[in-house]
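Inside the fold
One letter stands for each residue in the lines below.
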Amino acid sequence: MPLATKDTIKRISRTVRQSPKTSFMCACKKLELRLLKAESSSYAYNKPISMDIELTNVCNLKCSWCDTQFYADKSIPVREIPWSDFQKIAPKLDGLNRVIFCGGGETLTCKHAAESVALVKEYVPTVLMHSNGVLLHGKRAQKLAESGLDNLRISIDGSDEETFHNIRGASLAKILTNLKNFSSISDTPISTVSVMSQNNWKSLLNVPDMLREVENVRQLYFQPVEVEFLGWDRDDYFMSREQLAEFRGTISDKCKRYGLETNVDAPDFDPLFFEPFSLCEYPFFGYITLNYEGFVAPCCRLTNVVHMGDLKQQSFDDVWNGNNFRKLRELMIKGDYPTYCHDRCKHRVKMNSIPSDIAPGKLKIRPLAKNNHASSADQTVVDIEPVR
C-alpha cells in the first residue's frame, strides 16, 4: 500500500501552494513537537491550517447518533451569528488555508450562509461547507452555486431509504435530487461523508454505485460513529475487524471502478482507533472551531464546553496565543489532558490515565439576576473559568 494516496498528495500540494507561509510554519511546529517532545513551547508561531465555523445552532434534522443532541447545552436559545459580527470576524481569518462551514447546526438554515462563504473567500483560499442537503434547492442552491464555494460536503449514511431514514429522518431520494440539480447549475465538487456502524455498513457498500449518478461527486469519505461520550457500548455499534476489511475492500474496488476518490485507501485509515494518536494536534495546527457566538474552541467537539477567546472582541493572535490556548497546549504536551478531553477523545489520543484538574477555557453557567426586561431564555450567562 502506498505511503500516501493521490488525494492526500494533491491536498498537501494545494495547501503548500495556496498558503506557503502557514504550511511552512506548521511544519516547523510539528518538527519541534517531534524533536523536543515535552520540552516544546506552548507558543504557536504558526496559524492553524483550518478553522471550522458554526454559523448557527439550528438544525432541521435529529439524526439518531448526532453528538450535538447529547452534549449541546439545551439552555442556549436558538440563534445564529449576526451578520454584522461575522463581517468583523472574517478579515481576522486571513492567513488560514481553509475554512469549513459545519458544526452543531445545519449551515443552510442560516440566512447569510452563501454570503458568509463569499465573504470568507476574500481572505481564505479554500472554503468548504458541510450540509445534510435537505435545503439544497431553490434560491439557497442558486446563491450557494454563485458564492465561490470550493467543495460541498453532504452527509450520506445509507444507500436505501429505510436505513437512511432510520438514521437521519430524511428522504434519501429528495437529497439525491437536490444534489443532481445542484450539479446542473454549478461545477462545485461534491464530497460525501458517511458514518459507519454495525447498523448501516452493509447499506453503505452500495453508496459508490448510487453516487456515480451524481455528476459533481468526486470523493467519498467514511468515518466511525462516535459512541464513547454518548454513553453507548462500542460493541453495539463499532464494526469488527473482519467487517471493516470487507467494507474497505468493497468500497475501494467500487470507487476505483467509478473514478471516485475515497479515504479508505489511505494507509492511516483507522476508523476504529486501533492506534490512538500520540498527540491531539488541533490546538497546535488546526482544526479549531468558531461558534455562532463568535467564541473559539480548540476543536469541534468542545464548542459548547470550552471557549478559548472571543473573535468579536479580540484579534486572532490574542486568542490563538492567549492564556487558555497556551495552557491547554502545555498540558497536552505533557499528556495531562483536561477532563473535557477525556470525556470526548480518550479513545482517539494517548492520554495520562488521570485527567488534569486544570481546565483552560471551560465554561460554567451561573444565573443572572432577574429583571423585568429579560426573557427566561436570557436568565443565564456563560463564564469562562480562568487558567489557574
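The present account deals with the structure reproduced in this document. (Residues numbered from 1 in each chain as written. Predicted model: local features only at pLDDT ≥ 70, side-chain atom pairs only at ≥ 80, totals over all residues. Heavy atoms only, no water.)

1. Considering the overall build of the protein
Basically, it comes down to this: Helix numbering and strand numbering both begin at the N terminus, where a helix is a DSSP run of H or I of at least 4 residues and a strand a DSSP run of E of at least 2. Residues are treated as being in contact if the distance between any of their heavy atoms lies within 4.5 Å.
Each helix and strand in the protein was counted, giving 16 helices and 12 strands. Of the contacts formed within the protein by residues at least 6 apart in sequence, a portion of 70% connects residues at least 24 apart.

2. Digging into helix H7 (residues 161–168)
Here is the rule we go by: Buried means the residue's accessible area, taken with a 1.4 Å probe over protein chains only, is under 20% of the maximum for its type, while exposed means over 50%, and partly exposed covers the values in between. When we speak of the arc, we mean the arc of directions from the helix axis to the C-beta atoms.
Of all the positions in H7, only Thr 163, Phe 164, Ile 167 and Arg 168 are classed as buried. The arc that holds the buried residues of H7, viewed along the axis, is 100 degrees, so those residues lie on one side. The exposed set on the far side of H7, more than 90 degrees from its buried face, consists of Glu 162 and Asn 166. Against strand S4 (151–155), helix H8 (172–185) and helix H9 (201–204) lie the buried residues of H7. The first or second residue beyond H7 is Gly 169, which carries a positive phi of 70 degrees.

3. Side note on the environment of Cys 280
Turning to its location among the elements, Cys 280 is positioned in the loop between strand S7 (261–262) and helix H13 (282–285). Residue Cys 280 is classed as buried on the basis of its relative accessible area, which comes to 18%. C-alpha of Cys 280 to C-alpha of Ile 333: the two residues are 53 residues apart in sequence and 9.1 Å apart in space. Once residues within four sequence positions are removed from consideration, Cys 280 is found in contact with Met 332, Tyr 337 and Val 349.

4. Focus: the environment of Ser 203
We count it as follows: Nitrogen and oxygen atoms within 3.5 Å of one another constitute a polar contact, given that in protein one can donate a hydrogen and the other can accept it, and given that sequence-neighbouring residues count only through two side-chain atoms.
Tracing the sequence through the fold places Ser 203 in helix H9. You can call Ser 203 buried: its relative accessible area is 9%. The spacing of Ser 203 and Asp 157 is 46 residues in sequence and 8.2 Å in space, taken between C-alpha atoms. Apart from residues lying up to four places away in sequence, Ser 203 is in contact with Gly 158, Ser 159, Asp 160 and Thr 163. In terms of polar contacts, Ser 203 uses its side chain to reach the side chain of Asp 160, at 2.6 Å.

5. Re empty space enclosed by the protein
Here is the rule: Space inside and on the surface of the protein is sampled on a 1 Å grid over the protein atoms alone, with a cavity defined as a set of points where a 1.4 Å probe fits but cannot get out and a pocket as an open set with protein on both sides within 12 Å along at least 5 of 7 lines; lining residues have an atom within 4 Å of a point. Grid points are joined across faces, edges and corners, and a volume is the space filled by probe spheres set on the points. Basically, the charged four are Asp, Glu, Lys and Arg, the nonpolar ten are Ala, Val, Leu, Ile, Met, Phe, Trp, Tyr, Cys and Pro, and anything else, Gly included, counts as polar.
In total, this model carries 1 cavity of 30 Å³ or more according to the counting rule given. Roughly 30 Å³ of internal volume is contained in the largest cavity. Lining the largest cavity, in full, are Met 51, Ile 288, Val 296, Leu 311, Phe 316, Val 319 and Trp 320. Split by residue class, the lining of the largest cavity holds 7 nonpolar, no polar and no charged.

6. Regarding the side chain of Lys 29
Topologically, Lys 29 is positioned in helix H2 (residues 20–36). Within polar-contact distance, the side chain of Lys 29 engages the backbone oxygen of Ser 41 at 2.8 Å.

7. A look at the environment of Leu 179
Its place among the elements puts Leu 179 in helix H8. Distance from Leu 179 to Val 217, taken between C-alpha atoms, is 8.7 Å for residues 38 residues apart in sequence. With sequence-adjacent residues up to four places away left out, Leu 179 is seen in contact with Leu 136, Ile 154, Ile 190 and Val 214.

8. A look at the side chain of Glu 106
The following threshold applies: For the purpose of charge, His is not counted, nor are the chain termini; Lys and Arg are scored as positive and Asp and Glu as negative. Counted as salt bridges are all cases of a side-chain nitrogen of Lys or Arg within 4 Å of a carboxyl oxygen of Asp or Glu.
Residue placement: Glu 106 occurs in the loop between strand S2 (98–101) and helix H5 (113–120). Buried charged residue Glu 106 carries no salt bridge. Nearest counter-charge: Arg 168, at 6.6 Å. Discounting chain neighbours no more than four positions away, the residues touching Glu 106 are Thr 56, Val 58, Cys 59, Asn 60, Ser 131 and Asn 132.

9. A look at the nonpolar core
Here is the rule we go by: We call a set of buried Ala, Val, Leu, Ile, Met, Phe, Trp, Tyr and Cys residues a nonpolar core when their side-chain atoms join them within 4.5 Å.
Met 51, Phe 86, Leu 93, Phe 101 and Phe 247 are the most contacted members of the largest nonpolar core, which totals 97 residues. Sorting elements by how many residues they give to this core places H8 first, with 5 residues. When residues no more than four places from it in sequence are discounted, the contact partners of Leu 93 are Lys 47, Met 51, Ile 53, Val 99, Val 120, Tyr 123, Val 124, Leu 311 and Phe 316.

10. Topic: the sheet that holds S2
Here is the rule we go by: Note: two strands are recorded as paired if DSSP finds a minimum of 2 bridges between them.
A sheet is described by the order of its strands in space; here 10 strands give the open sequence S7-S6-S5-S4-S3-S2-S1-S8-S9-S10, paired in mixed fashion. Both outer strands of the open sheet, S7 and strand S10 (309–310), are each paired with one neighbouring strand and no more. The pairing of strand S3 (residues 126–131) with S4 spans 4 bridges and is classified as parallel. Bridge pairing in S4 places Met 129 opposite Leu 152.

11. Observations concerning the pattern of salt bridges
One pass over the full model with this rule turns up 11 salt bridges. Across the pair Glu 213 and Lys 180 runs a salt bridge, and its minimum N-O distance is 3.9 Å. With Glu 213 in the loop between helix H10 (207–211) and strand S6 (217–224) and Lys 180 in helix H8, this residue pair connects regions lying 33 residues apart in the sequence. Judged by relative accessible area, which is 54%, Glu 213 ranks as exposed. Look at Lys 180 and you get partly exposed, because its relative accessible area is 38%.

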